[in-house]
Amino acid sequence: SFKDYTLPLLVRSAKGGRGLRGGSSNNGGSHMPVEVTSDTFEEIVLNTKTACFLLLYSPTCPASRSVLPILDDVAREHREFENVTIAKIDLTHNDLPIRDVIVHHYPTGYLFPAGTNNNIVHGNYWKDPINFASYKGESTPHDRSKPHSHWSKEVIAHFIIHEVMPDSFLNK
């Protein structure tokens, strides 16, 4: 059963979460990232109608704390991302309910494209997530004296535009 991916994952989920808000919806006048829990992960992150940029973080990690305001800026300043939800999940209180995401360190970012997987493997109906580190991330030239300086609102927005809206990206 384990090798066949038929065993259910044991998943802990923090209480709360703000439901399906953020992304393109207006959250009480502010445009802030959605706080995802394990219980809301499928509804928000694996939604086949919208893409989702998900930040996996720990509130006790200094690098995560420095990136969270940047994610807030992306959500607030890029309202044109109508088909993209900007979200975050605290992995100290939530487990990932899927096996396809690997987290070696905090913070880690993934983009979950909209749509369904044409080649369904192990029952996954969602498209394969794209690791932010593979796009720019750690391989991006940046000032090494400033940890995680490659996490900027410009780089995150560029990544989303490049992966979610390639036609509009190519025309610029």
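The following refers to the structure shown.

1. Some points on the overall build of the protein
From N to C terminus, the protein includes five helices and five strands. If you list the helices and strands of the protein from N to C, you get β-α-β-α-β-β-β-α-α-α. The buried share of the protein, reckoned over its 172 residues, is 44%. Long-range contacts, defined as pairs at least 24 residues apart, comprise 66% of the intrachain contacts of the protein with a sequence gap of at least 6. A total of about 9400 Å² of accessible surface is found on the protein, and carbon and sulfur atoms cover 52% of it.

2. Here we look at the environment of Gly109
In this fold, Gly109 is placed in strand β4 (residues 108-112). By relative accessible area, Gly109 is classed as buried at 2%. Once the C-alpha coordinates of Gly109 and Lys88 are considered, the two residues, 21 residues apart in sequence, prove to be 8.9 Å apart. Ignoring any residue separated from it by four or fewer positions in sequence, one finds Gly109 in contact with Phe53, Leu54, Ile130, Asn131, Phe132 and Trp151.

3. Some thoughts on the sheet that holds strand β2 (residues 51-57)
Read from one edge to the other, the open sheet built from five strands follows the order β1-β3-β2-β4-β5, with strand pairing classed as mixed. Because the sheet does not close on itself, it has two edges, and the strands there are β1 (34-36) and β5 (130-131). Direction of pairing for β2 relative to strand β3 (residues 84-90): parallel, over a ladder of seven bridges. Its bridge partner lying in β3, Ala51 is registered against Val84. Taken strand by strand, helix α2 (residues 62-77) contacts β2 and β3, and its axis lies near 160° from that of β3.

4. Thoughts on the packing of aromatic side chains
What characterises a pair of aromatic rings is the spacing of the ring centres plus the angle enclosed by the ring planes. Per the stated rule, a full pass over the model turns up six aromatic pairs. Residues Phe41 and Phe112 carry aromatic rings whose centres are separated by 6.0 Å and whose planes lie at 90° to one another, so their mutual orientation is edge-to-face. You can see Phe41 sitting in helix α1 (residues 41-44) and its partner Phe112 sitting in strand β4, a full 71 residues away along the chain. Taken as a pair, Phe41 and Phe112 share a single burial class, namely buried. Centre to centre, the rings of Phe132 and Trp151 are 4.6 Å apart; their planes meet at 45°, and the pair counts as tilted. Note that Phe132 is positioned in helix α3 (residues 132-135) and Trp151 in the loop between α3 and α4 (153-164), a separation of 19 residues in sequence. The pair Phe132 / Trp151 is uniform in exposure class, with both members buried. Connected via pairs of aromatic rings, a cluster forms that spans Phe53, Phe132, Trp151 and Phe159.

5. Some points on the pattern of salt bridges
Per the stated rule, a full pass over the model turns up three salt bridges. A salt bridge links Glu35 to Lys88; the shortest N-O distance between them is 3.9 Å. With Glu35 in strand β1 and Lys88 in strand β3, this pair connects stretches of sequence that are 53 residues apart. Take Glu35 and Lys88: they sit in the same class, and that class is buried. The closest approach of N and O atoms between Glu77 and Lys153, which form a salt bridge, is 3.0 Å. Placement of the pair is Glu77 in helix α2 and Lys153 in helix α4, with a sequence separation of 76 residues. Owing to a relative accessible area of 42%, Glu77 belongs among the partly exposed residues under this scheme.

Reading the values: rules and limits
- Residues numbered from 1 in each chain as written.
- Predicted model: local features only at pLDDT ≥ 70, side-chain atom pairs only at ≥ 80, totals over all residues.
- Heavy atoms only, no water.
- Helix = DSSP H or I, 4+ residues; strand = E, 2+ residues; numbered from the N terminus.
- Buried < 20%, exposed > 50% of the residue type's maximum accessible area, 1.4 Å probe, protein only.
- Contact = heavy atoms within 4.5 Å.
- Areas by Shrake-Rupley, 256 points an atom, 1.4 Å probe, with all protein chains shown as cover.
- Pairing = 2+ DSSP bridges.
- Axes fitted to C-alpha atoms, helices over the stretch in contact; angles between N-to-C directions.
- Phe/Tyr/Trp six-rings, centres within 6.5 Å; stacked < 30°, edge-to-face > 60°.
- Salt bridge = Lys/Arg side-chain N within 4 Å of Asp/Glu carboxyl O.

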